[in-house]
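A structural walkthrough
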Amino acid sequence: MKGKAVLRIRAILFLFGAVLLSGSTGLLSALCGPFTDVSDAAFCPFVLEIFYLGITTGTTATTYDPTGNVTRLQMAAFLSRTVDGALKRGGRRASLDQFWTTQNATVLGVTTVGNDPELLASDGADVWVACSGNSLVARVRSSDGRLLETWTGAISAHDVLSAMGRVIVTGYTSPGQLYQIDPTQAAGAVTTVASNLGNRPDGIVFDGTRVWTANILGGSVSIVTPGPSLPWTVTTVTAGFTSPMGAVFDGANVWVTDYNAGKLFKLDGSGSILQTVTVDGLAANPVFDGSNIWVPCGGNSSVFVVRASSGAILATLIENGLNDSIGAAFDGQRVLVTNLGGDSVSLWKAADLTAIGTFATGTGSAPVGAASDGVNFWVALSGTAKLARF
Amino acid sequence: MRLGAGFKKVLVVTAAVLLGAGGWLLGNCGPFTDVAADVFCPFVLEIFYLGITTGTTATTYDPSGNVTRLQMAAFLSRSVDGVLKRGSRRAAGEQFWTTGNETVLGVTTLPFGANLVKSDGADLWVANSSRATVTRVRASDGKILETWTGATSAFGVLSAIGSIFSTGRTNPGAVYRIDPSQPAGVVTTVASSVGVNTGGIAFDGARIWTANSNSVSIVTPGASTPWSVTTVTAGFAGPNGAIFDGGNIWVTDGDTIKKLDSSGAILLTVTSSATEPMFPAYDGSNIWVPNFIGGTVDVIRASSGARLATLTGNGLFGAISASFDGQRVVVTDQANGGVSLWKAADLSPIGFFSTGAGSNPYGAASDGLNFWLTLQGTNGVTSALARF
């Protein structure tokens, strides 16, 4: 009996293999791939595509029920799987065979930069890290993690923006400074383009025309208009702000977090507050994922997910290792949040806000800033003067 | 129960999420009271968080309701938009802005004579007819890396076969090759017998096609140079641009765009809405054809040749080159001194953006993160490559 059963299984496997090998034409009774009930040759490729992509499994192993209606519940599953599949396949990570999540501090790729690396930005090829301890900005090549050059004279360098073919850096001073690097030139001292920003500029963002900084001390937002000559024009707005820290641009508006007030403000083009979203205290450096703004809040170790189009809070994420959360980045599929107090990073799938996990960055690493180049996340480890590839 | 601890943790998280969302105390699945907390809930939540659905009300989703074809259109359109927006290199680079004006262009100054441009994924290559050069500019920072010489009347650029190709707008026309792994030097002429005044250049996976002032040439790469050239004249008035849609080569020609078979015979002729169609872009579904005289852009469905739309306004006056970055199409407008931008998926205009008085924008390319524009300039001394 046992032998017969094995033979039968083998026969079934053989049959299954033959079906697969012969494609959609050689199926004994199926008309369209595995499906016996799909007969329209024009529609069959569409049905097969969503089957092969895992968007549908069919109603049974051999049926698809082509004339059946779709409920909104079923539609949610189809659309959700479609989005997931397209993002997963379309990402640069897929074409580089990089489907893993870095699991621990041992397998981080690390580059020693300057002291107290804070925030950072990718220009697509290199990562630029502000190191306040040495008042320098380090340029690290993404492909191999090599430290290419260091730019000096960036007093209290804090946050970095890659825009206009330049690298712009905030100086965390009072009044605040704004530095510029021309990355086509040999490394040297940064150029100060404005030295009258609000006190202690922290976050920096670009809206396509102007550079915005969130100034934490005294509470202001500075709007800097690049011009052909130095210094660049600065307008500083204070109304309604307590301690702005992070800034993000959603394609239409600049938003800033207010660190001590625990707020997220949506601003109009002149820096006036259009909308106030109450989040948790110590609201830090947010990131926009194309739909929603993720706001890490250190006060309660939470992350608020806010819909940019309406300002509605979609979710408040807790746990997942959040501990004095401070920085965030989006890579097209995932959001990474740094845990300054936890020496770790927390990851979520951005599309459905499900937790992926918490991953250690090393004892005493004190991660602050995060950025993505579309392949890797890059995390500034302020405690160990390193830039880590995650 | 061994499952107890883990299950309790899930409950805690769920409760916290609901509380954090404020008014969702009654929801079984996020804000929705009518969706059970079962295997379908994560799917519903995903399309809600992504903005693909808003629910039928703030607290209901109507899970058993059917979907009309009209509603389905909205769901699919939002899904495509969301995927493209999130999946692009621009999202990971936190680059959600549109460059607002000429002051904030990243400009790399080049000698006068810049024509068309193409990205190899990391660097931009610019053909310069006045200097007979092809210049390599690094996309990440806009630095000029090297300049290749000997490319007489260099005009069009192609990145393919691990090489860079440029057309020589000469009589007869030429195709030059650059091995980008070698130190910069003199280009290699791989064909010097293509049709007169070679302009646009495209690759079909095996052969290089050029659009010439009265013909189309097909160049077959070989082990030794010169490479063999077949030139087809039948039916062509004055081809400008060439593009490959994954199945066929198309050339802009006179006041038409023509779909060719593999031997260069004309399969289909689509009449343009204006005259002098220039350098088109293919967005994966449709071909965007800028018309220089008349200042329109025709959007042609590649699969059928149907003209889906004729775009006017949005700053168009004398359109030259189109480029697609995965989400948007840019068209350079030489006459109006700027670029027009559209959302490619629904053809809605994003706006017109000045590249400066006398900038003379001409060629356009994308590396997926930025558009790159050649600004020919008018001073006879310099031109530029601008990051847009």
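Residues numbered from 1 in each chain as written. Chains lettered and ligands numbered in written order. Predicted model: local features only at pLDDT ≥ 70, side-chain atom pairs only at ≥ 80, totals over all residues. Heavy atoms only, no water.

Looking at the overall build of chain A
How we decide: By the criteria applied, helices consist of DSSP H or I runs no shorter than four residues and strands consist of E runs no shorter than two, each listed in order from the N terminus. Residue burial is assigned from relative accessible area. The probe radius is 1.4 Å, only protein chains are included, and a residue is buried under 20% of its type maximum, exposed over 50%, and partly exposed in between. In this description, contact between two residues means that some pair of their heavy atoms is separated by no more than 4.5 Å. In short, Shrake-Rupley with a 1.4 Å probe defines the accessible areas, and a residue's cover is counted only from the protein chains shown. Asp and Glu count as negative and Lys and Arg as positive, but His and the ends of the chain are not part of the count. Note that the charge is assigned to NZ on lysines, CZ on arginines, CG on aspartates and CD on glutamates.
A tally of regular secondary structure across chain A gives 4 helices and 28 strands. Projecting the C-alpha coordinates of chain A onto the three principal axes gives extents of approximately 85 × 40 × 40 Å. Relative to its 390 residues, chain A shows a buried fraction of 55%. Within chain A, contacts between residues at least 6 apart in sequence are counted, and of these 43% link residues at least 24 apart. Of the roughly 15,300 Å² of accessible surface on chain A, a fraction of 56% belongs to carbon and sulfur atoms. The positive charge centre, built from 23 side chains, and the negative charge centre, built from 27, are 10 Å apart in chain A.

Comments concerning the environment of D204(B)
Residues and elements named next belong to chain B. To keep things clear, this is the line we draw: As used in this structure description, the phrase polar contact means that two N or O atoms lie within 3.5 Å; if the pair is within protein, one of them must be able to donate a hydrogen and the other to accept it, and residues adjacent in sequence are counted only when both atoms belong to side chains.
Positionally, D204 belongs in the loop between β10 (201–203) and β11 (208–211). When sequence neighbours within four positions are dropped, the list of residues in contact with D204 reads W209, F244 and I249. In terms of polar contacts, D204 uses its side chain to reach the backbone amide nitrogen of R207, at 2.6 Å.

Notes on the interface of chain B and chain A
Under the convention used in this document: A 1.4 Å probe defines the accessible area here, and the buried area is the portion of it lost by two parts on being joined, summed over both. We count a salt bridge whenever a side-chain nitrogen from Lys or Arg sits within 4 Å of a carboxyl oxygen from Asp or Glu.
Tallying the contact residues gives 59 residues for chain B and 63 residues for chain A. Contact with chain A buries area across many residues of chain B, yet Y49(B), R86(B) and W97(B) alone supply 16% of it, more than any other trio. Across the chain B-chain A interface, the total number found is 3 salt bridges. Where K349(A) meets E46(B), a salt bridge forms, and the shortest distance between an N and an O atom there is 3.2 Å. If you look at where chain B meets chain A, you find 16 residue pairs in polar contact (both at pLDDT 80 or more).

Some remarks on the side chain of T257(A)
All names here are of chain A. By secondary structure assignment, the location of T257 is in strand β15 (residues 254–258). A distance of 2.7 Å separates a polar atom in the side chain of T257 from the backbone oxygen of A284. For T257, the contacting residues outside a window of four places in its chain are S243, P244, M245, G246, K263, L264, A283, A284, P286 and V295.

Details of the pattern of salt bridges
Any two side chains of opposite charge can pair, given that their charged atoms come close. One pass over the full model with this rule turns up 19 salt bridges over all chains. Between R86(B) and D289(A) there is a salt bridge; the shortest N-O distance is 3.0 Å. One end of the pair, R86(B), is in helix α3 (residues 69–87); the other, D289(A), is in the loop between β18 (287–288) and β19 (292–297), on a second chain. Under the relative-accessibility criterion, R86(B) is labelled buried at 1%. For R136(B), the salt bridge is made with E146(B), and the minimal N-O distance between the two is 3.1 Å. You can see R136(B) sitting in strand β4 (residues 133–138) and its partner E146(B) sitting in strand β5 (residues 144–148), a full 10 residues away along the chain. Overlapping salt bridges, with partners in common, bring together D126(A), R139(A), E149(A), R138(B) and D141(B) in one network.

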